[in-house]
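What follows is the residue order along each chain.
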Amino acid sequence: MSHPFEGLPTTPTAEELVDKAFSRASRAGGAKDGNEAQQSMLMTASNIASDNMENVVTAWPTIDDLDPFYVELADAVVGEAYPADDDPGIDALKQHLSEISWAADKVVEIRQEYESRVARGDIDTARKLRKQAFARIADVVEEVEDDLAAVSTAHNALKDIPDIRPDEPAIVVAGYPNVGKSSFVNRVTRADNEIASYPFTTTQIRVGHFEDQRIRYQLVDTPGLLDRPPEDRNEIESQAVSALEHLADAVLVFIDPSGECGYPLADQLELRNAIEARFDVPVLTIANKSDLSTDVEADHYMSVTEDDNVDGVLQAAIDAVDYELELPFDE
């Protein structure tokens, strides 16, 4: 299973669509004579243009049927891709797809309007009418030039998002920079599992995996998101946090009581409190760098660098998630 935006076909430009439709039509017409050639050209150009535009639309998953995590994440990613839109995000993408669908239908209408007239007219009239139809088809495709470009932009932005699976338990790792989050994720996730990253501006979502009792867990590290006060996040980043709310089964907030990370302990605890208030799942406070200081109240203490109680923290996260594997059984 991969994420729902993987494998989307490349979106053609308006110019590519027109060139493809008319060059294929020219070849189709060359194989026939008289009115039949004009009819064949009209049919081929119309089918190529309308089918290709319809395929652009139908290749996309139905947004409203997706898991809320992916809806929120796509909204954030596409919002970043469409900063100039009045209503950026997933609604803008839906509108662009709707315009392309309209254009596909309109091209079919033009063909239906002209095909009987091309068939009935003399050869000069048939050629003239076919050229008229071609001009109108080209106009329709060019009318959705910006929509095709916008869908292509969204596709490029979404195709490389990490393969996060909403149906598998997820542990989100939070806390200020340099408190040891990445070291922890690298230490406990499988060596054979690449940590994927997706940047939106300053934001990344990094995902690693580990297994326990035949259950695969996702560890999600969020540099640029849950590593600073909520008021410092822009609208796109806040949406990405909303996506994580749908995903998280537990949150580990890392604290560095030694202050070596460069952030005051009071600020770190304030961030922890904000995360506790926002996430409706178990939130554990993890004091890292316990070899330097344990001068803070926390749920667990560890030192990733000294390999002290790392497995204990991981087990605490598993216990907090409290996920039960659903085994197939015969009724």
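What counts as what
- Residues numbered from 1 in each chain as written.
- Predicted model: local features only at pLDDT ≥ 70, side-chain atom pairs only at ≥ 80, totals over all residues.
- Heavy atoms only, no water.
- Helix = DSSP H or I, 4+ residues; strand = E, 2+ residues; numbered from the N terminus.
- Rg over C-alpha atoms; globule rule 2.2 N^0.38 Å.
- Buried < 20%, exposed > 50% of the residue type's maximum accessible area, 1.4 Å probe, protein only.
- Contact = heavy atoms within 4.5 Å.
- Lys, Arg positive; Asp, Glu negative; His and termini not counted.
- Charge placed at Lys NZ, Arg CZ, Asp CG, Glu CD.
- Axes fitted to C-alpha atoms, helices over the stretch in contact; angles between N-to-C directions.
- Parallel < 35°, antiparallel > 145°, perpendicular 65-115°, else oblique.
- Left-handed = near helix turned anticlockwise from the far one by under 90°.
- Nonpolar A, V, L, I, M, F, W, Y, C, P; charged D, E, K, R; others polar.
- UniProt positions renumbered as here; feature names shortened; annotations may be inferred.
- Pairing = 2+ DSSP bridges.
- Right-handed = clockwise from strand over helix to strand, strands pointing away.
- Core = buried A, V, L, I, M, F, W, Y, C linked by side-chain atoms within 4.5 Å.
- Domains from an automatic or database assignment.
- Buried area = accessible area lost by both parts, 1.4 Å probe.
- Salt bridge = Lys/Arg side-chain N within 4 Å of Asp/Glu carboxyl O.
- Expected span 1.5 Å × (residues − 1).

Quick look at the overall build of the protein now. When helices and strands are tallied, the protein shows ten helices and eight strands. Relative to the 2.2 N^0.38 estimate, which gives 20 Å for 331 residues, the radius of gyration of the protein is 27 Å and therefore markedly larger than a compact globule would have. Dimensions of the protein along its principal axes, counting C-alpha atoms only, are 95 × 50 × 30 Å. Expressed as a percentage of its 331 residues, the buried residues of the protein come to 51%. Sequence separation of at least 24 residues holds for 72% of the intrachain contacts in the protein that already meet a minimum separation of 6. Placing the 27 positive and 67 negative side-chain charges of the protein at their respective mean positions leaves the two points 13 Å apart.

The residue Asn178 is not glycine, and still its phi comes out positive at about 65°. Mapped onto the elements of the fold, Asn178 is located in the loop between β1 (170-174) and α7 (181-188). Non-glycine residue Asp307 carries a positive phi angle of around 55°. As for its placement among the helices and strands, Asp307 is situated in the loop between β8 (300-301) and α10 (310-321).

Packed helices, taken two at a time, are described by the angle between their axes plus the distance between the axes. Two elements in contact, helix α3 (residues 68-81) and helix α6 (residues 145-158), have axes separated by 9 Å at closest approach and are oriented at 125°. As far as their axial angle goes, α6 and α3 are oblique. Crossing of α3 over α6 shows right-handed handedness. On α6, the residues touching Ala74, Val77, Val78 and Ala81 of α3 are Thr153, Ala154, Ala157 and Leu158. When the residues that make up the contact of α3 with α6 are grouped by side-chain class, the tally is seven nonpolar, one polar and no charged.

On to the UniProt feature "domain: Nucleolar GTP-binding protein 1 Rossman-fold" (unreviewed entry) in the protein. Per the UniProt record, the feature "domain: Nucleolar GTP-binding protein 1 Rossman-fold" (unreviewed entry) sits at residues 235-291. With 47% helix and 19% strand, residues 235-291 has end C-alpha atoms that lie 38 Å from one another.

The subject of this paragraph is the pairing of strand β6 (residues 250-255). Counting buried residues in β6 gives six out of six residues, a clear majority hidden from the surface. As defined by bridge partners, β1 adjoins β6 across four bridges and the pair is classed as parallel. Bridged to Ala174 within β6 is Val253. This β-α-β element, β6 to helix α9 (residues 265-278) to strand β7 (residues 283-287), shows right-handed connectivity.

Here the focus is the sheet that holds β7. If you walk across this open sheet you meet the six strands as β4-β5-β1-β6-β7-β8, and the pairing is mixed. If you trace the sheet from one side to the other, it starts and ends with β4 (206-212) and β8, each paired once. Pairing of β7 with β8, which is carried by two bridges, proceeds in the parallel orientation. Residue pairing in the sheet places Ile286 in a bridge with His300 of β8. Against the sheet, α9 makes contact with β1, β6 and β7, and its axis sits at roughly 175° relative to β6, the strand it touches most.

Of all hydrophobic cores here, the largest spans 102 residues; its most connected members are Phe5 and Phe184. Ranked by residue count, the leading element in this core is helix α4 (residues 90-120), at eleven residues. Two domains each donate at least three residues to this core, and these are domain 1 (12-157) and domain 2 (168-319). Leave out the neighbours within four places in its chain, and Phe5 touches Trp60, Pro61, Ile63, Leu66, Tyr70, Ala74, Leu158, Lys159 and Ile161.

Looking now at the domain arrangement of the protein. Domain annotation of the protein identifies domain 1 (12-157) and domain 2 (168-319). The centre of domain 1, based on its C-alpha atoms, is set 46 Å off from the matching centre of domain 2. Listed as interface residues are ten residues of domain 1 and, on the opposing side, twelve residues of domain 2. Counting the surface lost from both domain 1 and domain 2, the interface buries some 1,000 Å², and carbon and sulfur atoms represent 68% of this. Among the residues of domain 1 in contact with domain 2, Phe69, Glu72 and Glu80 are the three that bury the most area, contributing 50% of the side total. Put simply, domain 1 and domain 2 have zero salt bridges between them.

Right, let's get into the pairing of β7. A large share of β7 lies buried, amounting to five of its five residues. Here β7 shows no split at all, with Val283, Thr285 and Ala287 on one side and Leu284 and Ile286 on the other all buried. For β6 and β7, the ladder comprises five bridges, and the chain directions are parallel. Bridge assignment links Ile255 to a residue of β7, and that residue is Ala287.

Here we take up helix α1 (residues 14-30). Counted at 1.5 Å a residue, the expected span for α1 with its 17 residues is 24 Å, and the 24 Å between its end C-alpha atoms agrees. Taken together, the buried residues of α1 touch α2 (34-58), α5 (123-143) and α6.

Before going further, it helps to spend a moment on the environment of Met41. In this structure, Met41 sits in helix α2. Each C-alpha atom, one on Met41 and one on Ser290, is 76 Å from the other, the two residues being 249 residues apart in sequence. Not counting chain neighbours up to four residues away, the residues in contact with Met41 comprise Ala25, Ser26, Gly29, Arg130 and Phe134.

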